[in-house]
Structures are given as structure tokens and as C-alpha cells.
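Letter by letter, the chains look like this.
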Amino acid sequence: MAFTFSNAQIADLFEEITAALIVQNDDRFRIRAYENAVSIFRQLQEPIEYYWQNKLLGTITGIGTIFARKIDELFTTGKVAEFDAIRQSLPAGMFGLLPVEGIGPKNAFKLANIFKLADRETAPAKLLESAKNGQIRGLEGFGEKSEAQLIDNITRYLLAGTVTRIPLYRADQIVTEIGAYLGACPAIQTFSPLGSHRRRKETVGDIDIGITTQQPKVVSDYVALIPKISKIVAKGDGMVRIIYGEGIDVDFKIVDPGEWGSLLQHFTGSKAHNVALREMAVTRKMSMSEHGMKIKGAWQRFTQEDKFYQSLGLDHIPPELRENLGEIEAAKNHSLPNLVTLADIKGDLHTHTNYGWVNSHDAGLSSVDELADTAVALGYEYLGVGDHNPSISTYNVDEIIKQIQKRSRFIEQIKNSYEKRVKKSTIKLFNALEIDIRSDGALAVPDAGINLLDYAVVSIHSSFKQTAEQMTERIIKGLSHPKAKILGHPTGRLIGKRDPIAANWDSIFGFCVTNGKAIEINASPDRLDLTDILVKKAILLGVKLVIDTDAHHHSTLFGMQSGIDVARRGWATKADIINTWDAAKLTQWLIK
DNA sequence: GCCGTTTTCGGCCCGACTGTTTTCAGTCG
Ligand SMILES: Nc1nc2c(ncn2[C@H]2C[C@H](O)[C@@H](COP(=O)(O)OP(=O)(O)OP(=O)(O)O)O2)c(=O)[nH]1
Ligand SMILES: [Mg+2]
Ligand SMILES: [Mg+2]
Ligand SMILES: [Zn+2]
């Protein structure tokens, strides 16, 4: 296979073809199929190449025989002849203009044509030149205002660079900030962050906020005066869209309190979920939107979201599931999963203390006592007391074993003294380590050391770029030790910083099911892996998961919710998550 | 181009704002 393409590359390719088809006034439903394919490609968490190799493209809803054939052609020949022909019929510069806010396919084409923009990289800057020279205002369909907008939008685009999505923890901070401002407005009855933020997606493209009021004009004006506003993109009685702070898009939708239920539904999305619901309404001769349900020309209003779903015969769907990935069907059949909640969690199995050996990676900052006290405060039944394995560049094999013997005695002492000090507590402390899976799959601790532990979390911390085959073999080898019970932060990705490893997850999941291993959902805000869609797949195959904070400080033990969010997006119930089990059941499963 | 518990043909979500428009196309959500 000489040709390889990432999912992002394929999504970008289809996105450009979508734009080209719009320019060519192609069939709007064909265009919709292309748009749909783009969002599917961006959502997939395994390589399209993997689907292609295993002839699984046809199993993806929205990818039919024609799209599958085009992808086959792409991987086989390195290009799609039809796509190349379509693109070559258009000025290349138009594709460089598309990322600019307010420039869609039609205008991108028109402007690239008029100003002979043949190069996509330089197109925005060149167009900006022409706009600044007043060459836009005279064009048909443009005027002084649109010229000024164009200048502003291109300038912002050139300054901001490529679009990056906002990590959810950062979005939480922004939401709190904006919430403080909205809360101070007497005219606002209720407000709530919606969109992908409410669905708890790992990153959000923007911040979406729904508002109810009986004075929409007052609220619209109030919102537009928010501190740190950079620009009003659009504003009416029903909505305000702004650029906020360092260039974050914030969408406000403002409705009458009587429409809150339908607004919650609409503005939470996802788009694919909404479209599927609306198509369902259409088959029942109804029409739905953020304003309610239109039945025989008459609007029915909803103050409550669950009632809105009910009007379609559906159970209330948890926001985390609203991705049009089977949740509507499940809501119809009353078979939605009973998703895991924070209250179900009974312990944390991946932590780091300040124990004083030279760690292979960052050591923790808190003492065992501090971690245990916090775990008790959280009402936990057990806690995995962990460290990274001793650094193999600092210690030789014998020294590593001696170090672990010493640490095991230390933990034993702590357990005794802790149980004396905190008499009421019955918290169970496990002697655990996080051990590197080295590039050949060997664990960084010899057996004689591992066997002193209650269990080990094994993780990839190096050589992230191996092939999927190598990596899969490596991980399975690493998990093969009986004490290796948990695969830590399995994809190795750091949101916005490091891509996930390539691996054959089907094989790894299969191994875990057969051999009684759990896969971690790491709650660190920049990890959040295993990722949501792979969680769903793992659970379908029967894999057990564990949600860990990977705390390097005792306060971080409080950060479990972000892992719960991921688990819920992966359809996880209490039964799927081993650290919802009580100490007896967990111990029996974990300690070998 | 995709899809199927009325269909393998004939459907395919719905709405807000902007600017230039004389009735609406484009863009975005
Ligand atoms: N019915 C319908 N609803 C839409 C459409 N586009 C967006 N919405 C709704 C559902 C979305 O979740 C919500 C907010 O739009 P966004 O573009 O901000 O998307 P979302 O927040 O889901 O994802 P994001 O992380 O912002 O990219 O508006 C659409 O084309 N049709
Ligand atoms: Mg959004
Ligand atoms: Mg939005
Ligand atoms: Zn780690």
C-alpha cells in the first residue's frame, strides 16, 4: 500500500468537493450527502484506511457504494480522478478562502475568479490587498459594508491562523465567566450552556448559550455589551453571535420561556441528531424546530425538553448520547442505557504519590496520607497508591527490585498507621505502580518487582510512532503479565499536542475481554482517553473499563467528572466500569 | 449520494441574520 491518507486529509478532500459541487449548483441532496460524509470522517476515531483494508466502509451509515469506491480509488491510486477533474475546473485560490468567516463556496469562487487567485496559500492575503484598495465594493453582489466585513474577517483569519477547537475544561472556564455576566441581568429568566459543551464533547468549536426572557431586545443589547467582546458577528432579537476574548465564537439564542424545552433540544444538538429527529417528525406529518412542534399548521410549545422528546414517542435522551449513533432508536425502544454517574464511583486506581525514588516520569506531589484522606473525603472504598516505575536509566535491575521491596514495606507501614489514625475509615489501599511498556513490549520492571505489587497500570510513554501492528503487539505483550490489569491512557494522545497512537483496537479489546484486563478512561483534561467512540466499541465487545484521575496531587482526585463525561459519551453503564464495584468484588477481580 | 418496521424509488430539517436585493441568495447555526 504505497498510498496513505489520514482521516483529516480525506475529510478535507471531501469538504473541497462539497464546495465545488455547491459552486456548480449540483443537486442539493448530493451536496448534503457529501457534507454528511465530511462530518462522519471527522468523527471517526479509527483510520478510514483501517475500514478500507477490512472492507468495513459499507458498514458506516452515510457511506454508500459510491463513496466507498472513491475511497478505494484514493488508497489504490493515490487520487480520485473525478475529484481532481472537479477541482481543476475551479481556481485553486478559492479553497484558500473558504476558512475565512463569512466566505462560503459561492463567494470564494467568485472572488478567486475575479482576482485570479491561483494559489490557495496566498489567496487570503492577496484578496485582502484588493479589498483594502477598494476593489470589492463595486462588484455585483458586494458593497461598502461587505467589503469592510471582508477586510475584517480576512485580517482576523490571518492573525488567528488555523482553527483549533477549545478543550472542554477551558470551555468550562469561559462558560463560568460568561455565566457571571448573564446572571447579573434582571431581564434574563434562565440561561444554560448548550451545544457540544452540554454534550460534554472533549473539545468544543464554540460556546453555545440558550437564554429565556420576556424582553428579547433588552437581553440582546445586554449580551452585546459583555466585557472582553471582540466583535459582534450577527445580532437580532432571537440571537447574538460574537467573537469573545482571544477569538472564541460565542452563540447566544434568546427565546420566550414558553419555548425553553424546544430550544434546549435544538441548541444542544448535535446537528446530525437534530436532523434525524426532524426527519422522524416529517414522517409523522409534523415539523419541529427550536420553536416547538408544528402539527397541522398549529405550533405546540414545550417548556420541558423531555416533553418535547415525548411528543415524538421518545424517552429523554441524555445529552452525551446525542450524536445520531443509535440513541434515537434506543429512545424509541425504551432501551437507552442507564449511564454511569459520578456518584457510582467507589475508588481511584491510578494515582501518583511523592514517594522519593527517581520516577521514570513526573512524580506526584502529595503524600500517601494526603491522597488517602482525600479519597476518604470522597467517600471512596479503595485507592490505588501509585508511582511511576523507578527510572531504568537511574537504577539497574537489582536496584529496581530493592526499591520496590522498600516501597512495599513503606506502604505496608502507612496502611497500618493510617488505619490507626483514621479509625472510622475502612478504605482499602492498594500497592500499585504505573509501569512503562517499553518499545518492544517488555515492562520496565522485572517480574520479581512486579510480583510485590497488588496490580500494575501499564502504559505507553515512549515510541509513540510505531506502526499499528507493532503497537498492538507491544500493548498485548505489556498486558500479558498477570499483575498488569489496567492499560493506562491507552491512546497516548494529548489534546491539541500529541496525536493518538496507531493501534488495532479490535485486537486489543479482544485480548482484554479474554484475559480480564481493564482499559482506562484517563480523566486528565488533556488526555480523556480511551476516547468516547472507542469506549462505546469496547463496551459492545464486553471490555471492562476503569475511570482514573491519574492524580499527581491529592486535589486532582476531585477531577473524576471529566472521565465520567467520556464514559457516558461511550454509553457506559455502572456495570462496565470496575471502579463502581464495591471493594470485595473489585479486589477479587483486580488482585492476582 | 444515501437509505428503507408503509418504500430499492422517491424522498431528503429548519431557521436567523446580513447585505444588497426589488424579492432573495449566501452563510451559518
Ligand atoms: N436542525 C439543525 N440544527 C443545527 C444545525 N447546525 C447546528 N445546529 C444546532 C445543533 C448544534 O449542536 C447547535 C450548535 O451548533 P454548533 O455549530 O455550535 O455545533 P456544536 O456545538 O454541536 O459543535 P461544535 O463543537 O460547536 O463544533 O445548533 C443544522 O444545520 N440544523
Ligand atoms: Mg457549538
Ligand atoms: Mg454554535
Ligand atoms: Zn502515565
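Residues numbered from 1 in each chain as written. Chains lettered and ligands numbered in written order. Predicted model: local features only at pLDDT ≥ 70, side-chain atom pairs only at ≥ 80, totals over all residues. Heavy atoms only, no water.

Asks: Got a minute to help me understand the overall build of chain A in this structure?
Replies: Within chain A one finds 24 helices and 17 strands. A compact globule built from 592 residues should have a C-alpha radius of gyration of about 25 Å, and chain A, at 27 Å, falls within 12% of that. Projected onto its principal axes, the C-alpha positions of chain A cover 80 × 60 × 50 Å. Here chain A, with 592 residues, has 52% of them falling under the buried criterion. By element, 53% of the accessible surface of chain A is carried by carbon and sulfur atoms, the whole surface being about 26,600 Å². Within chain A, the 71 negative side-chain charges are centred at a point lying 3 Å from the centre of the 70 positive side-chain charges. (Helix = DSSP H or I, 4+ residues; strand = E, 2+ residues; numbered from the N terminus. Rg over C-alpha atoms; globule rule 2.2 N^0.38 Å. Buried < 20%, exposed > 50% of the residue type's maximum accessible area, 1.4 Å probe, protein only. Areas by Shrake-Rupley, 256 points an atom, 1.4 Å probe, with all protein chains shown as cover. Lys, Arg positive; Asp, Glu negative; His and termini not counted. Charge placed at Lys NZ, Arg CZ, Asp CG, Glu CD.)

Asks: What exactly am I supposed to notice about the protein's contact with DNA strand B here?
Replies: Near DNA strand B, the surroundings consist of 46 residues, among which Arg-32, Gly-62, Gly-64, Gly-143 and Glu-279 are the closest. Across the atoms of DNA strand B situated within 4 Å of the protein, the share located in sugar and phosphate is 78%. One nitrogen or oxygen atom from the side chain of Arg-30 is found 3.0 Å from a phosphate oxygen belonging to DNA strand B. Put simply, the parts of the chain that give the surface near DNA strand B at least two residues each are α2 (28-43), α4 (65-77), α7 (105-114), α9 (144-160), β5 (229-235), β6 (239-244), α14 (271-283) and β8 (286-289). (Near = heavy atom within 4 Å. Polar contact = N/O pair within 3.5 Å; in protein donor to acceptor, adjacent residues only side chain to side chain.)

Asks: Can you help me understand the coordination of the magnesium ion (ligand 3) in this one?
Replies: Note on metal geometry: ideal angles are 109.5 degrees for four donors arranged tetrahedrally and 90 or 180 degrees for six donors arranged octahedrally. Of the protein atoms, only Asp-206 (OD), Asp-208 (OD) and Asp-251 (OD) coordinate the magnesium ion (ligand 3), at distances of 2.0 to 2.4 Å. A separation of 3.5 Å is found between the magnesium ion (ligand 3) and the magnesium ion (ligand 2), which are bridged by Asp-206. Each of the two residues, Asp-206 as well as Asp-208, counts as buried. (Donors = N, O, S within 2.8 Å, 3.2 Å for Na, K, Ca; no water.)

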